[in-house]
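# Per-entry structural report
These are the residues of each chain, in order.
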Amino acid sequence: MSVKEVKVCIIGAGISGLKTAHTLLNDPRSKFTKDDVLIVEGQDYIGGRVLTDKTSSKLGYSYDLGGAWFHDALTNVVLKESIEDKSFDLNKDGYFDDLEHVYYHNDHKGELPYNKWRLNKVGEELFKFIEIYYYESLDRKDMNLLEITDIYIERYGDRLTPEQIKYLHQVARYSELWFGVASDKISAKYSAMSHEGRNLYNLKGFSFLVDKLLKGIFRENILLNHKVSKINRADKYIETQHGTIKFDYLVVTVPLSILKLPQDHEYGITWEPKLPASMTEAIDKMSFGALGKVIFEFDNIWWDNEIERFVLLSEDLDNKDIGEPLKSLPKKSKYPILAINYAAMHKNEKASLVLLTQSPLTDYVEAHPEEAWEYFKPMLEQIVTKDKKISEPINVMTTKWTQNPYARGSYSAVLPNDDPESIIVQLSGELEGVALSHSPIRFAGEHTISEGDGCIHGAYMSGQREAEWIINNFFFSKKLAKL
Ligand SMILES: Cc1cc2nc3c(=O)[nH]c(=O)nc-3n(C[C@H](O)[C@H](O)[C@H](O)COP(=O)(O)OP(=O)(O)OC[C@H]3O[C@@H](n4cnc5c(N)ncnc54)[C@H](O)[C@@H]3O)c2cc1C
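Each value, and the rule that gives it
- Residues numbered from 1 in each chain as written.
- Predicted model: local features only at pLDDT ≥ 70, side-chain atom pairs only at ≥ 80, totals over all residues.
- Heavy atoms only, no water.
- Helix = DSSP H or I, 4+ residues; strand = E, 2+ residues; numbered from the N terminus.
- Buried < 20%, exposed > 50% of the residue type's maximum accessible area, 1.4 Å probe, protein only.
- Contact = heavy atoms within 4.5 Å.
- Areas by Shrake-Rupley, 256 points an atom, 1.4 Å probe, with all protein chains shown as cover.
- Lys, Arg positive; Asp, Glu negative; His and termini not counted.
- Charge placed at Lys NZ, Arg CZ, Asp CG, Glu CD.
- 1 Å grid on protein atoms, 1.4 Å probe; cavity = no way out; pocket = protein on both sides within 12 Å on 5 of 7 lines; lining within 4 Å.
- Points joined across faces, edges and corners; volume = space filled by probe spheres on them.
- Domains from an automatic or database assignment.
- Near = heavy atom within 4 Å.
- Polar contact = N/O pair within 3.5 Å; in protein donor to acceptor, adjacent residues only side chain to side chain.
- Pairing = 2+ DSSP bridges.
- Axes fitted to C-alpha atoms, helices over the stretch in contact; angles between N-to-C directions.
- Core = buried A, V, L, I, M, F, W, Y, C linked by side-chain atoms within 4.5 Å.
- Phe/Tyr/Trp six-rings, centres within 6.5 Å; stacked < 30°, edge-to-face > 60°.
- Lys NZ or Arg CZ within 6 Å of the ring centre and 35° of its normal.
- Salt bridge = Lys/Arg side-chain N within 4 Å of Asp/Glu carboxyl O.
- Buried area = accessible area lost by both parts, 1.4 Å probe.

### Notes on the overall build of the protein chain
Helix and strand counts for the protein chain stand at 15 helices and 21 strands. The principal-axis extent of the C-alpha atoms belonging to the protein chain is close to 70 × 50 × 45 Å. Taken across its 483 residues, the protein chain has 60% of its residues classed as buried. Sequence separation of 24 or more characterises 76% of the internal contacts of the protein chain that already satisfy a separation of 6 or more. Surface accessibility of the protein chain: about 21,000 Å² in total, with carbon and sulfur atoms responsible for 51%. Side-chain charges of the protein chain comprise 58 positive and 72 negative groups, with the mean position of each set lying 3 Å from the other.

So, in structure tokens, the structure goes:
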């Protein structure tokens, strides 16, 4: 068993960990050198939830199995910096896939007259209602998205048409494909999303960001296949299966799903001494979703290639038990699905559909990828154009995030009665008076930041935040309060 010593140890080689190391080693104000910084990663690859698969496609596509869009395009720093340093060519590598979605519901044997029925406008109004409902009184009881939709219909049903009332829950359920959880698990209070700009699809794959960050980090700065099982806060060391690493500063970037595990779990982390109760309570009051992707490749395009996104609404109009774990394939169209037409985005004829799924469907399909086509085929039959027939896929791929013990899902999500603010306050230590504000134990990752939470750019900025804190603390202030 080895014993190493470094000034800054970073747990996790995802975007937040890489950005932390990159800033420590490249910020002009920092004097940290190669031997001072070490990233300790449990898995055998670098990038974490950014993972571009360049080899499995039979059509020559690269698929981002994790993050794929630049969200919040107006304020997204990763996008801004990447355009400026020319690592990302907006015209060649980016695609704003924001044409009107086309909606399907099996009642109609084809496209649903979504806009004609003003379902788009009623959907917008529902979310505005939710915002106002909680704005009027922040203390109002949280509930799930289906329940608040009931309240909206109860109050404003006299303004709605029978079609709008019939389909409104299904329209609201589209949010499942943002949050990665079924609507009966989505917090109504936090369901109204505000985006800072459009969404830009990254056609070339987010591995470019990993590669870019790696240019400023030495390969020797990263230890792969080192699972951290213990963090001793008092004596400042961590334990992995290969030995002990002592540190002056530690940046913990493991996903929220790992922080939530019991300490005696095989993939849990034992804290010595235990984390303060304010932190563990905050961690408990935030949840983790499971957005998944299922990719089907075909030898021909049998859908309308002018359409970028097909939304296949759920046919299950009673929406019962949708968040419960699945023991077998659910009945057809129990969950809404978003099918993204890769050929349209890449402006070519190479037939590929990427389907987004939510928990618990993601969990089931990722555990049983061989059943994916059987399940999705009847749903996809809705989008076949009149002159064509659906064909069997030549390639089927599914993500594995729920099966991956180092991810255990996709990204943080807010369930009813969760408190998304306190985890950020507790883990980012940005505010005075919180448990770790002066501690050498830092946290970064998509779950520790409010701007860009859940996203690649949020993870990136959180890494930068912690590196800057350490630089300031180490080079500009020697005062470290004891925990
Ligand atoms: C399916 C999916 C779709 C997404 N879509 C988008 C999108 O379109 N746009 C967007 O901006 N974001 C998207 N995201 C989210 C984005 O990918 C993540 O927010 C971001 O990559 C998280 O980075 P991170 O550094 O916080 O965590 P991670 O990338 O998870 O890094 C943490 C690292 O810690 C390691 N680790 C865990 N436990 C241990 C341990 N005990 N010891 C050592 N190492 C450990 C993990 O292996 C991992 O490498 C998506 C994510 C998924 C899964």
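Next, the rest of the story.
### Digging into the layout of surface pockets
Roughly 920 Å³ of internal volume is contained in the second largest pocket. Surrounding the second largest pocket, 26 residues form its lining, His101, Tyr103, Glu124, Tyr174 and Trp178 being those nearest its centre. Of all the elements, helix 4 (residues 119-136) adds the most residues to the lining of the second largest pocket, at six residues. Viewed by domain, the lining of the second largest pocket spans two of them, domain 2 (52-100 + 198-204 + 289-398) and domain 3 (115-185), each represented by three or more residues.

### Thoughts on the site of the ligand
Close contacts around the ligand come from 38 residues, with Ser16, Glu41, Gln43, Arg49 and Ile456 the closest. Within the side chain of Ser16, an N or O atom sits 2.6 Å from an oxygen atom of the ligand. For the ligand, an oxygen atom lies 2.6 Å from a polar atom in the side chain of Glu41. Against a free-state accessible area of 1,000 Å², the protein chains account for coverage of 99% of the ligand.

### Quick word on the sheet that holds strand 7 (residues 102-104)
Strand order in the open sheet made by the six strands is 7-16-17-18-15-19, with mixed pairing throughout. Pairing within the sheet leaves two strands with one partner each, and these edge strands are strand 7 and strand 19 (395-398). Looking at each pair of strands side by side, their axes are set apart by 20 degrees on average, direction ignored. Here strand 16 (residues 309-312) runs beside strand 17 (residues 337-341); their pairing, made up of four bridges, is antiparallel.

### What to know about the environment of Lys285
With respect to the helices, strands and loops of the structure, Lys285 is situated in the loop between helix 10 (277-284) and strand 14 (287-288). Sequence separation between Lys285 and Asp419 is 134 residues; the distance between their C-alpha atoms is 5.4 Å. In contact with Lys285, other than residues within four places in its own chain, are Asn417, Asp418, Asp419 and Pro420.

### Looking at the nonpolar core
Grouped together as the largest cluster of nonpolar side chains are 84 residues, with contacts concentrated most on Phe376 and Leu380. Ranked by residues supplied to this core, first place goes to helix 4 with eight residues. When residues of this core are assigned to domains, at least three map to each of domain 2 (52-100 + 198-204 + 289-398) and domain 3 (115-185). In terms of nonpolar packing, the next biggest core, distinct from the first, is built from 38 residues, Val37, Ile39, Ile46 and Leu79 among them.

### Some thoughts on the packing of aromatic side chains
Throughout the structure, instances matching the rule amount to 32 aromatic pairs. Aromatic pair Phe129 and Tyr133: ring centres 5.7 Å apart, planes at 45 degrees, arrangement tilted. Of this pair, Phe129 and Tyr133 are both found in helix 4, four residues apart, which corresponds to roughly one turn of the helix. Residue Tyr133 is classed as buried on the basis of its relative accessible area of 10%. Taken together, the ring pairs in this structure connect Phe296, Phe298, Trp302, Trp303, Trp373, Tyr375 and Phe376 into an aromatic cluster. Looking at Lys31, its charged tip hangs above the ring of Phe475, at a distance of 5.5 Å from the centre. One Lys or Arg, Lys350, reaches over the ring of Tyr61 and ends 5.4 Å from the middle of that ring.

### Focus: the pattern of salt bridges
Considering all chains together, one arrives at 22 salt bridges under this definition. Between Lys80 and Glu84 there is a salt bridge; the shortest N-O distance is 3.2 Å. Taken together, the positions of Lys80 and Glu84, both in helix 2 (residues 77-84) and four residues apart, correspond to about one turn of that helix. Exposure class is identical for Lys80 and Glu84. Each is exposed. Across the pair Glu466 and Arg442 runs a salt bridge, and its minimum N-O distance is 2.8 Å. With a gap of 24 residues between them, Glu466 in helix 15 (residues 456-476) and Arg442 in strand 21 (residues 441-443) connect regions that are remote in the sequence.

### Some words on the pairing of strand 12 (residues 243-252)
Along a regular strand, successive side chains alternate from one face of the sheet to the other. Burial analysis of strand 12 places eight of its ten residues in the buried class, the great majority of the element. Across nine bridges, strand 1 (residues 2-11) lies against strand 12 in parallel orientation. Residue Ile11 lies in a different strand from strand 12, and its bridge partner there is Val252. In the sheet, strand 11 (residues 237-240) pairs with strand 12 via four bridges, with the strands oriented antiparallel. In the strand pairing of strand 12, Tyr237 is matched with Lys246.

### Here's the deal with the domain arrangement of the protein chain
Domain annotation for the protein chain reports domain 1 (2-48 + 205-285 + 416-476), domain 2 (52-100 + 198-204 + 289-398) and domain 3 (115-185). Relative to domain 3, the C-alpha centre of domain 2 lies at a distance of 24 Å. Contacts between the two partners involve 28 residues from domain 2, matched on the other side by 17 residues from domain 3. Between domain 2 and domain 3, the buried area comes to about 1,700 Å², and carbon and sulfur atoms account for 62% of it. Its largest share of buried area at the contact with domain 3, domain 2 owes to Leu317, Asn319 and Ile322, together 27% of the area lost on that side. Joining domain 2 to domain 3, the criterion identifies one salt bridge. With a closest N to O distance of 3.6 Å, Glu324 and Lys185 form a salt bridge. At the junction of domain 2 with domain 3, the criterion picks out twelve residue pairs in polar contact (both at pLDDT 80 or more).

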